[in-house]
Amino acid sequence: MSTIAETAHRGQARRRMRIDGWRWGGRIFLVFMLLYTALPMVWMLITSIKSGFAAMQFPPQWWPDHPTLASYQKLLDPQNSVGQDFLRFFWNSLFVSTATTILSVIVAVPAAYAFSRFTFPGRNFLFFAVLLRNMFPAVIFLVPLFILMRAIGLVNTHGSLVLTYLTFGLPLAIWLLKGFYDNIPVQLEQAARIDGATRFQAFFLIVMPLSAPGIIATAIYSFIGAWNEYIYAYTFLSKNEQLTLPVGIQRFFSENTTDFPGLMAASFMMSVPVVVLFLVLQRYFVRALTEGAVKH
Amino acid sequence: MTILTGKAEALRRPQSARSGALRKIWEHRADYAYVLPAIAVMLIVIAYPIYYTVELSFFNTPPGLQLRDKIFIGFDNYIAILTSPVFWKVTSNTLIWTVGSTFISFVLGFGCALALHRDFVGRGILRAVLIIPWVISAVAASYIWKWIYHSDFGIIGAVLVGLGWADRPPNFIDSVSTVLPSLIVVNIWREFPFAMIMMMAGLQTVPDQLLRAAKVDGANAWQRFWHVTFPHLRNVSTVTILLLAVANFNSFIIPWIMTGGGPSNASHIWITHIYELAFGRQRWGVASAYSVLLFLILMSLGYFYVRALRGNEQKDGSE
C-alpha cells in the first residue's frame, strides 16, 4: 500500500478515492438503506394522491392514472366535516405541543444550570433520578395519573396532557441542557461577578444567551415529543373536539378504514411540521442529543 | 452525607470544614431554588404514581375504578401473573421484540454511520433522508406500514406475486407466524436512525492520527476498524444499545395500532398487555402488579445505564 504518499497528500488522495471492496460495500449498503427508508414514505405520498377507487386495485397502480389532490382538499377544507375535524386536531396538537415546549424550557433551564454549576447535597441522586425517569414507560404512570387527573378534574382537558408531557420532556431537556452548560466556561460568569453582577444576573445575562443553541434543541425535542405523543392523549381525552392529531387520525380512520388515500394524506400532513422543524434545526439537535453520550 | 463529585465546581462556595447534613443543605438553600420547580413537577407526576402503582398491585380492584371498594389480597396478583400461560407468551414476545429490534437497529445504524463518515457528494441530503423515519410520528409510521403489509392491496404482497414468489399476497400481520417479525421490521425502520446519529457523533471522536498510524503499521481496513475505531466507540455503543433496549422494551404504539396484540396474542408485548389489562379489561390490580415487575426490570437496566454513563464521566475527568 502506498501509505506514505497517502499520508503526505491525504487531501488529494481522499478526492481521488481508491475504489476498494469496503467502499463499494458501504455504497451498496447505503443504497439499500435509502430504499428501506424512503420507499415507504414514497408509497405514502403516491397513495395519498390516488382516488379511493384507484387505491383498491390489485395489482396496485405504481403511479396513479389520474393523480388527484382530493384527499388533501378534503382534509384542509373547513366547510366539510372531515376537514373540520382534521383542522381541529391539528390546532389541538399545535396548542398542546407549544404549551409543553414553553413550560419545559422555563422549568428545565434553571434546573440544568444548577446541575451543571452547583454542588448541593443530593445533586447526583437527583440528576440520576431525572435520567431514570426516561426509562419508565408511560403505561406505569398511566393508571395512577388517570386517577390523579380525574381527582383534580383535568381529564378531558388539554391541561392534563401538558402536565404529563412535561414529565417525560423534562428529564431529557435537563440532560441535554446540562451538556451545554458544562461546555460554557465558568470564567465568563466569574468575570461578570467580579464586575458586580449577582449570580442570577451572571446566569441570565451571560450564560443564557450563550446556551441559545441548547435551548433551541431542547425546545425542538419537547415539541416533537409532544406532537407525536399518543398513549396519554389516547387515554385522557375522549371528546372529539379535544383530540390531538395522532389519536384523532386513529379515531377517524378506525371508523372509516377503506379511505387509505385520506389516511396517507393525513399521515403526511401530520409529519410535515416536525420533519421541517427537525431538518431546519437538526444541527443543534443532533449536537445536543449526542453531547451527553460522547464527551469531547 | 456523601461527598459530592461534580464536573463544574468552580463556582462552589468555600466550604466550612465539617458540618452536618442539615447545615449543608441549609447552606445550599439558594441552589435548590433553581431545581425546585423541576423537583415539584417530578414529585407530583412520578413519585406519587409509582407509590400508587405499588399500592394498587396488592389489591383486588373492581372495574370502573371504584377504588373505594378495593380489597387487599397480598401477593395474589403477582401469583396470578406468574402462573398464567399468557405471561410467558408475552414475555417471550417481548424478548424477541427487544433483542431483535435493538440488535438489528444498532447494526444498521452503525453501518450507516461508518458508510457516511467519509465525505462525498450528497452526504448531507442522504443523512437527512435516513433520519426522517425517526422524526415522524409512530402513529403515521404504523399506518404507512399497515398499508404496505395490507393483505389485499399491499405493495409487498403485490411485488411477491408479480415476481412469481407467491400465489397470493401473504398475510404479514394477520398471521401468527409472521406478525412479530413484520412489526420488528417497522420498529427498526423507525429506530435505526437514532443509532446512526449516536454512532456518527462517536466516530467524530476517533483520533485521525491513530488511524493513520495503524495504516502506516500495515493494518488493513478491518484491523483498523476492529483495533482502533471500535474500542474508541465502546462507551457510546453501550449507551446507545441501552437506550435502544429501554425504548424497545417500552414500545407501545406500533404493536398497538398495527395489530392490537393479535392475532391470538402473537404480537402482545408487556406494555400492550398491561394497557389492555388496565384500560381494556379494567383489571387495575393485575395491571399494577405487572407494572411493578416491569419497574423492577427497568431499574436493573437503569443500573447498568447509570454505570455506563458514570464510566464516561470518570474517563472524561481523568483526561
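Residues numbered from 1 in each chain as written. Chains lettered and ligands numbered in written order. Predicted model: local features only at pLDDT ≥ 70, side-chain atom pairs only at ≥ 80, totals over all residues. Heavy atoms only, no water.

Student: Give a description of the nonpolar core that names residues and reports values.
Tutor: Core analysis: the largest hydrophobic core is formed by 186 residues, its most contacted members being Y181, Y230, I231 and Y232 of chain A together with L130 and Y275 of chain B. Residue contributions to this core peak at 16 residues, all from helix α8 (residues 179–203) of chain B. (Core = buried A, V, L, I, M, F, W, Y, C linked by side-chain atoms within 4.5 Å. Buried < 20%, exposed > 50% of the residue type's maximum accessible area, 1.4 Å probe, protein only. Helix = DSSP H or I, 4+ residues; strand = E, 2+ residues; numbered from the N terminus.)

Student: Could you give me a rundown of the interface of chain B and chain A, with the residues and numbers involved?
Tutor: Contacts between chain B and chain A engage 114 residues on the former and 105 residues on the latter. In this assembly, chain B packs against chain A so that about 10,200 Å² is buried in total across both faces, 77% of it on carbon and sulfur atoms. Counting across the interface, chain B meets chain A through zero salt bridges. Taken together, the connections running from chain B to chain A amount to seven residue pairs in polar contact (both at pLDDT 80 or more). Looking at the side of chain B that touches chain A, the element that brings in the most residues is helix α2 (residues 29–56) of chain B, giving 18 residues. In the side of chain B that touches chain A, the residues fall into 84 nonpolar, 14 polar and 16 charged. (Contact = heavy atoms within 4.5 Å. Buried area = accessible area lost by both parts, 1.4 Å probe. Salt bridge = Lys/Arg side-chain N within 4 Å of Asp/Glu carboxyl O. Polar contact = N/O pair within 3.5 Å; in protein donor to acceptor, adjacent residues only side chain to side chain. Nonpolar A, V, L, I, M, F, W, Y, C, P; charged D, E, K, R; others polar.)

Student: Summarise a nonpolar patch on the surface; cite the residues concerned and give the values.
Tutor: A contiguous nonpolar patch, built from W62 and W63 of chain A together with V159, L163 and W165 of chain B and spanning about 640 Å² of accessible area, is present on the exposed surface. Tracing the backbone shows W165 of chain B in the loop between α7 (155–162) and α8. (Patch = residues over 30% accessible without salt bridge, like charges linked within 9 Å, V, L, I, M, F, W, Y side chains within 5 Å. Areas by Shrake-Rupley, 256 points an atom, 1.4 Å probe, with all protein chains shown as cover.)

Student: Account for the confidence of the model for chain A, with residues named and values stated.
Tutor: All names here are of chain A. On average, residues of chain A carry a pLDDT of 82, and 86% of them reach 70 or more. Across chain A, the element-wise mean pLDDT spans from 46 in helix α1 (residues 3–8) up to 91 in helix α3 (residues 21–48). Within the model, pLDDT remains below 50 along residues 1–17, and this stretch shows 15 contacts once partners closer than five positions in the same chain are excluded. (pLDDT = per-residue confidence, 0-100.)

Student: Residue-level account of the environment of Q282 of chain A, with values.
Tutor: Turning to its location among the elements, Q282 of chain A is positioned in helix α15 (residues 260–291). Look at Q282 of chain A and you get buried, because its relative accessible area is 11%. In the structure, Q282 of chain A is positioned 198 residues away from Q84 of chain A in sequence and 32 Å away in space, judged by C-alpha atoms. Beyond its immediate stretch of four places on either side in the chain, Q282 of chain A contacts R127, A128 and I131 of chain B.

Student: For the packing of aromatic side chains, give the residues involved together with the corresponding values.
Tutor: Per the counting criterion, the structure on display carries 48 aromatic pairs over all chains. Taking 4.3 Å as the distance between ring centres and 40° as the angle between the ring planes, the aromatic pair formed by Y113 of chain A and F203 of chain A counts as tilted. Of this pair, Y113 of chain A sits in helix α6 (residues 81–117) while F203 of chain A sits in helix α11 (residues 199–210), placing them 90 residues apart in sequence. As far as burial versus exposure is concerned, Y113 of chain A and F203 of chain A are alike and both buried. With a centroid separation of 6.2 Å and 20° between ring planes, the pair formed by F146 of chain A and F236 of chain A is classed as stacked. Residue F146 of chain A is found in helix α8 (residues 138–151), and its partner F236 of chain A is found in helix α13 (residues 231–236); the two are separated by 90 residues along the sequence. F236 of chain A carries the same exposure label as F146 of chain A, and that label is buried. In this structure, R27 of chain A is placed above the aromatic ring of W24 of chain A, and the distance from its NZ or CZ to the ring centre is 5.2 Å. The ring centre of F59 of chain B lies 5.0 Å from the NZ or CZ of K70 of chain B, which sits over that ring. (Phe/Tyr/Trp six-rings, centres within 6.5 Å; stacked < 30°, edge-to-face > 60°. Lys NZ or Arg CZ within 6 Å of the ring centre and 35° of its normal.)

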